[in-house]
Each structure stands twice: as structure tokens, then as C-alpha cells.
Amino acid sequence: MAGPKLLEQVRRAARTRHLSLRTEEAYTRWVYRFIRHHGKRHPAEMNAPEVREFLSHLATDLHVAASTQNQALAALTFLYRHVLEIELAPVGQVARARRPSRLPVVLTPEEVQSVLAELRGTHWLVGSLLYGSGLRLLEALRLRVKDFGFTDRSLVVRQGKGAKDRVTVFPEKLRVPIELHLQRVRRAHEKDLARGYGTVQLPGALDRKYPNACREWVWQYAFPAASHSTDPRSGAVRRHHLSPSSVQKAVRTAVRRAGVSKPAGCHTLRHSFATHLLEAGYDIRTVQELLGHKDVRTTMLYTHVLNRGGLGVRSPLDSPGRPAST
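Cut-offs applied
Residues numbered from 1 in each chain as written. Predicted model: local features only at pLDDT ≥ 70, side-chain atom pairs only at ≥ 80, totals over all residues. Heavy atoms only, no water. Buried < 20%, exposed > 50% of the residue type's maximum accessible area, 1.4 Å probe, protein only. Helix = DSSP H or I, 4+ residues; strand = E, 2+ residues; numbered from the N terminus. Arc of directions from axis to C-beta. Contact = heavy atoms within 4.5 Å. Polar contact = N/O pair within 3.5 Å; in protein donor to acceptor, adjacent residues only side chain to side chain. Axes fitted to C-alpha atoms, helices over the stretch in contact; angles between N-to-C directions. Nonpolar A, V, L, I, M, F, W, Y, C, P; charged D, E, K, R; others polar. 1 Å grid on protein atoms, 1.4 Å probe; cavity = no way out; pocket = protein on both sides within 12 Å on 5 of 7 lines; lining within 4 Å. Points joined across faces, edges and corners; volume = space filled by probe spheres on them. Parallel < 35°, antiparallel > 145°, perpendicular 65-115°, else oblique. Left-handed = near helix turned anticlockwise from the far one by under 90°. Pairing = 2+ DSSP bridges. Phe/Tyr/Trp six-rings, centres within 6.5 Å; stacked < 30°, edge-to-face > 60°. Lys NZ or Arg CZ within 6 Å of the ring centre and 35° of its normal. Patch = residues over 30% accessible without salt bridge, like charges linked within 9 Å, V, L, I, M, F, W, Y side chains within 5 Å. Areas by Shrake-Rupley, 256 points an atom, 1.4 Å probe, with all protein chains shown as cover. Salt bridge = Lys/Arg side-chain N within 4 Å of Asp/Glu carboxyl O. Lys, Arg positive; Asp, Glu negative; His and termini not counted. Charge placed at Lys NZ, Arg CZ, Asp CG, Glu CD.

*Asks:* How would you sum up helix α12 (residues 284-291)? Please name residues and give values.
*Replies:* Those residues of α12 that sit buried are Val287, Gln288, Leu290 and Leu291. Seen along its axis, α12 keeps its buried residues to an arc of 165°; they face one direction. Looking at the buried positions of α12, the neighbouring elements they touch are β3 (166-169), α11 (266-279) and α13 (296-300). If you check the start of α12, you find a side-chain oxygen 2.8 Å away from the backbone N of Arg285, and it comes from Asp283. Just past α12, the residue Gly292 takes up positive phi, approximately 80°.

*Asks:* Which residues make up the side chain of His57, and what values do they have?
*Replies:* Note on placement: His57 falls in helix α3 (residues 48-60). Taking relative accessible area as the criterion, His57 reaches 17% and is therefore assigned buried. Look past the residues within four positions of His57 in its chain and what remains in contact with it is His37 and Leu62.

*Asks:* Residues and numbers for the packing of helix α6 (residues 121-132) against α11, please.
*Replies:* α11 packs onto α6 with a crossing angle of 35° between their chain directions and a minimal axis gap of 7 Å. Along its contact with α6, which presents Gly127, Leu130, Tyr131 and Gly132, the element α11 presents Cys266, Leu269, Arg270, Ser272, Phe273 and His276. Residue classes in the contact of α6 with α11 are distributed as five nonpolar, four polar and one charged.

*Asks:* Go over the layout of surface pockets, please, and point to the residues and values.
*Replies:* Estimated volume of the second largest pocket: approximately 550 Å³. Around the second largest pocket, the lining comprises 17 residues; the ones closest to its centre are Ser128, Tyr131, Gly132, Pro171 and Lys173. Contributing elements (two or more residues each) for the lining of the second largest pocket: α5 (109-116), α6, α11 and α12. Tallying contributions element by element places α6 first for the lining of the second largest pocket, with four residues.

*Asks:* Could you give an account of the packing of α6 against helix α8 (residues 175-194), naming the residues involved and the relevant values?
*Replies:* Direction vectors running N to C along α6 and α8 enclose 135°, while the axes themselves pass 11 Å from each other. The orientation of α6 with respect to α8, classified from their angle, is oblique. The two elements α6 and α8 cross, and the hand of that crossing is left-handed. On the side of α6, the interface is formed by Thr122, Trp124, Leu125 and Leu129, while α8 contributes Pro177, Ile178 and His181. Broken down by class, the residue content of the contact of α6 with α8 amounts to five nonpolar, two polar and no charged.

*Asks:* If you had to explain the sheet that holds strand β1 (residues 148-149) to someone new, which residues and values would you point to?
*Replies:* Strand order in the open sheet formed by three strands is β1-β2-β3, and the pairing between neighbours is antiparallel. What marks the edges here is a single partner per strand, and that holds for β1 and β3. One ladder, built from four bridges, connects strand β2 (residues 154-157) with β3; its direction is antiparallel. Each residue of the ladder has a partner; that of Ser154, found in β3, is Val169.

*Asks:* Pulling in residues and values, what's your account of the packing of aromatic side chains?
*Replies:* Summed over the entire model, instances satisfying the criterion amount to six aromatic pairs. Plain terms: the ring middles of Phe148 and Phe170 are 5.6 Å apart, the flat faces sit at 70° to each other, and that makes the pair edge-to-face. Remark: Phe170 occurs in the loop between β3 and α8 and Phe148 occurs in strand β1; sequence separation between them is 22 residues. Owing to a relative accessible area of 8%, Phe148 belongs among the buried residues under this scheme. An aromatic cluster of at least three residues, connected via ring pairs, comprises Trp30, Phe34 and Phe54. Here the guanidinium or amino end of Arg144 rests over the ring plane of Tyr221, the centre of that ring lying 4.3 Å away. Sitting over the ring of Trp219, Lys146 keeps its end group 4.5 Å from the ring centre.

*Asks:* Any details on a positive patch on the surface? Residues and values, ideally.
*Replies:* A grouping of Arg184, Arg187, Lys191 and Arg195 is seen on the molecular surface, where their side chains present a positively charged patch. Here Lys191 shows up in helix α8. Given the relative accessible area of 52%, Lys191 is considered exposed.

*Asks:* Please give an account of the environment of Ala254 that cites residues and values.
*Replies:* Among the secondary structure elements, Ala254 is positioned in helix α10 (residues 244-257). As for Ala254 and Ala264, which are separated by ten residues in sequence, their C-alpha atoms are 9.9 Å apart. Setting aside its immediate chain neighbours within four residues, Ala254 contacts Val115, Glu118 and Leu119.

Shown next, in the form of C-alpha cells:
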């Protein structure tokens, strides 16, 4: 039976390779589920056949999404390669979870404005950035003070999906609201410093290279949490960024209050950003860069939800001369 020591080894290996806390937690959960599924046998006693059976079980019995099954495979590959240092044989044929072919939910410009009108304060600012800059939720919440380009109306997204940086547009309408918001955040930060707090988690090894940077204003989160919390890795008491769940709940409530009859959430605002830019005639490669898509085929998905359709086809019922009613 594999006890806590193995899971702790997974955590240490994840931290050594600078994986995010979310990835560390996900990998640890999958290793635990893999062990439990096989009667608490130690993974060193198992190999590709057991991994294959577990992945197939996820697809055929639990009906998980394809992305979930892929995450489980990544976690087990990490376990064997970086923790156990055992060569994992080719997994071979696995019952694959079906990847549904769904079009993204997109709001009209009027629906977007009605949803944003139901948001308040910091939630309104974050929601406006999701739509106005095409950000993913965590990309918005992880923004630092230094990432806002007020002069050239740019926004730098650090360590986005795939650990890539990119530059996207910063809406002019948000310049003054963000400036006022950051003034309030700075006052709170100065009070934290006076009380012996005021540090923030830095990416990579910057905290060792620049020991005092964690207290500097430019490195602070633009959307900090209302209270301090203990860093699960270092044990330091810090003010982390705003919780994603609080924004998700606020947006869902706003969608309901706005009377929008679509299953919309935070990511819907990003979908709407892309679709509305394409509708406005912007080049698909430009939209791809702003979204941070690795493959333009991902961006092309939005051409299928344009108001005029992907080919600009007009329904014959809308042709001139057709009667409106009988």
C-alpha cells in the first residue's frame, strides 16, 4: 500500500519543476485515485496494463470528458517518469472518452452589456476584462500591477495557457476605472506593509533572485483577495488574488438577473470577444494572437457562430420578394 510518502513525493516533484499549485493538486488526486482503483497496490508494482485499464475505466464506466482522461494520463506519466523513475511501457489501445463537438456559447453585444450591467465593483472590472480583452478567468485574476499598459492600451498576459506570455488589447473605457481601483489597492497594500505583511507570491525563482520584489507595488495582484491566507507551499501569510469561484458565482447571477436564456458563464465573455471581433472584420490571425491560441483551427471555431454563419449564407426565406406571412 502506498502511504502519504508517495503523494508527498509527487508534490515535491511538482514543485521542483515549478508546476502550478492547481496542477500539483490535480496530479496528486489522480495518483491517489489510481492507487485506490487497484486495491491500494503500490504503483511501482504496476505498469502500462494497469494504467490502460484505469484510463478505460474512466471513459467507459465514469463517462469522464476527454480532457479529464488526458489529465489523468498526464498525471500517471508524471508519476512514473519523475517520481518513481520507472519506464512506463506504451499504454497502447485505451477506450477513449468522446470529445463532444460543441459550438461555444456566444452572447450578442446587447446581452453582454446587460450582463455586465448586473455586475458591481471588482466583479464588474474582471468581467469587463474577460470580454474587453478576451482573457481567461485565471489570466485576469493573476494580472499584476505592472501588466497594465495605460499609455499604449495594452495588457500583458503572463504565463497563460501553455505557459506562454502574450499581449492583448486594453479597453480605453476601463482605463479610468482600473486606475481608481489600483489606487484603492495600493492604499490597502501600504497598510499591509505597515502591519508586517504586504508580500505576494512571485513566479518561478524570482523570489530568490530578487528577495525584496515580493513587497514591491508593481508585483502586487491587481485583484487581491479581501483577506490574507496562508500559502500552502511556503506557509507565508499573504494576500492572494481574488477567488475564481466568487467571480464565477457573480457572473452566473448576473446572467440570470439580465434575463439571458443561455448557459453563459465567465468563459462565454471570452467567446463573445472573439466572435464580435470577427464580426467586425478583424483578421482571424489577429484574433488568434489576442486569444493566445496555439492553432488557428481553434480560433476558426468562432466563424461557425457568427450572426451570418461561417459562409455568410443568407436564408432563402429572407430573400427579397418572399412574403413575411401567409
